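# Structure assessment
What follows is the residue order along each chain.
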Amino acid sequence: MKLPSIFFAIAVYLSTTNAFLAPVSIGGRGKRDTVVGRREAATARAFREEKPKRSFLLDEFTTYNGELVHPYSTLGVDRDAERLEIRKAYIDLSKQYHPDAIRYRDVLPTGCSSVEDAREQWERIKLSYEILSDRKTRMRYDRHESIATTLADPSAAMKRAAGEAISRGAMNLGKSMINVGSFAFDQMRNTVRKK
């Protein structure tokens, strides 16, 4: 009667302390040569590698594996695209990448080397459509993306803002010149009519 309870106690101890995963030196080479040691070294290497920094503002616009989705480029539409154009692009891409359509085809879609690649692309397409089809979500994405790019590279944001200000100023100057010219032309026409 006591024997099963001892085995149970040992099993509980091993499962809670991970004692069975403790590194064991093989051939006196140390911790790095064990399976667990190699796994820990790979994890440490991956942690040390430079990963592109992403703003927390864009976390809601990521796929299940953490990849940031760029909906405009994924669907191949402009930033000022209408809802009908977005829907048409989504339907066209759905015909190529939808998992049910791929299942019955012998050839994978362009750019996909496996069914898993096609599923990941479908995930991007679906999330892109969800972002762009809802007006509030689209506005939130545009706002958060512009803030995130500003935080990532402030000098590029300043250059872009300066370029926009110069173009607006030139456009307003052109409109003013046209208004002055039309006013002068009207004044000349009115003086000619009075004579």
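Given the structure is predicted, the values throughout are model-derived calculations rather than measurements. Throughout, residues of each chain are indexed from 1 in the direction in which the sequence is written. Only residues with pLDDT of at least 70 get local features here, since the model is predicted, and only at 80 or more are side-chain atom pairs given and counted; chain-wide, interface and lining totals rely on the full set of residues. Each side-chain value is worked out from all heavy atoms of the structure, with water and hydrogens disregarded.

### Description of the overall build of the protein
This is how it is decided: Every helix listed is a DSSP run of H or I at least four residues long, and every strand listed is a run of E at least two residues long, numbered separately from the N terminus. Partly exposed describes any residue whose relative accessible area lies between the buried limit of under 20% and the exposed limit of over 50%, with all areas from a 1.4 Å probe on protein chains only and scaled to the type maximum. In this description, contact between two residues means that some pair of their heavy atoms is separated by no more than 4.5 Å. The accessible surface values rely on the Shrake-Rupley method and a 1.4 Å probe; as for residues, cover is taken only from the protein chains in view.
A tally of helices and strands in the protein yields eight helices and zero strands. Going from the N terminus to the C terminus, the protein shows its helices and strands as α-α-α-α-α-α-α-α. Within the protein, the proportion of its 195 residues that are buried is 23%. Contacts in the protein between residues far apart in sequence, at least 24 positions, make up 54% of those at least 6 positions apart. Carbon and sulfur atoms make up 60% of the accessible area of the protein, which amounts to about 15,100 Å² in all.

### Considerations on the nonpolar core
Generally speaking, a soluble globular protein has its nonpolar side chains buried in company with each other. The cut-off we apply is this: By nonpolar core we mean a set of buried residues, namely Ala, Val, Leu, Ile, Met, Phe, Trp, Tyr and Cys, connected to one another through side-chain atoms within 4.5 Å.
With 23 residues, the main nonpolar core has L75, V77, I86, Y97, I125, I131 and L132 as its most contacted residues. If you list the elements that add at least two residues to this core, you get helix 3 (71-75), helix 4 (83-97), helix 6 (115-133) and helix 7 (135-152).

### Section: a negative patch on the surface
Note the following rule: Residues qualify for a patch when their relative accessible area is over 30% and they have no salt bridge, like charges being joined within 9 Å and the nonpolar side chains of Val, Leu, Ile, Met, Phe, Trp and Tyr within 5 Å. Put simply, a salt bridge is a Lys or Arg side-chain nitrogen that is within 4 Å of an Asp or Glu carboxyl oxygen. Only four residue types enter the tally: Lys and Arg on the positive side, Asp and Glu on the negative side, with His and both chain ends excluded. Note on charges: their place is set at NZ of Lys, CZ of Arg, CG of Asp or CD of Glu.
A cluster of acidic residues, D78, D80, E82 and E85, forms a negative patch at the surface. With respect to the helices and strands, the residue D78 is situated in the loop between helix 3 and helix 4.

### Re the packing of aromatic side chains
Rules: Here a pair means two rings of Phe, Tyr or Trp (six-membered ring of Trp) with centres within 6.5 Å. Their orientation is stacked below 30 degrees between planes, edge-to-face above 60, and tilted elsewhere.
Overall, the coordinates contain four aromatic pairs when judged by the stated rule. Arranged with centres 6.3 Å apart and planes meeting at 50°, the rings of Y72 and Y141 form a pair that is tilted. Of this pair, Y72 sits in helix 3 while Y141 sits in helix 7, and the two are 69 residues apart along the sequence. Residue Y141 is classed as buried on the basis of its relative accessible area of 1%. Measuring from ring centre to ring centre gives 4.0 Å for Y90 and Y129, while their planes differ by 15°; the resulting arrangement is stacked. Taken together, the residues span a long stretch of sequence, with Y90 in helix 4 and Y129 in helix 6 at a distance of 39 residues.

### Topic: the confidence of the model for the protein
Inclusion rule: Known as pLDDT, the predictor's confidence for each residue is given on a scale from 0 to 100.
This prediction gives the protein a mean pLDDT of 75; 69% of its residues lie at or above 70. Of all secondary-structure elements in the protein, the lowest mean pLDDT belongs to helix 2 (residues 35-48), at 53, while helix 4 reaches the highest, 93. Counted against residues more than four places away or in other chains, residues 18-28, with its pLDDT under 50, gives 12 contacts. Under a pLDDT of 50 for its full length, residues 31-35 has, in the predicted model, 12 contacts with residues more than four places off or in other chains.

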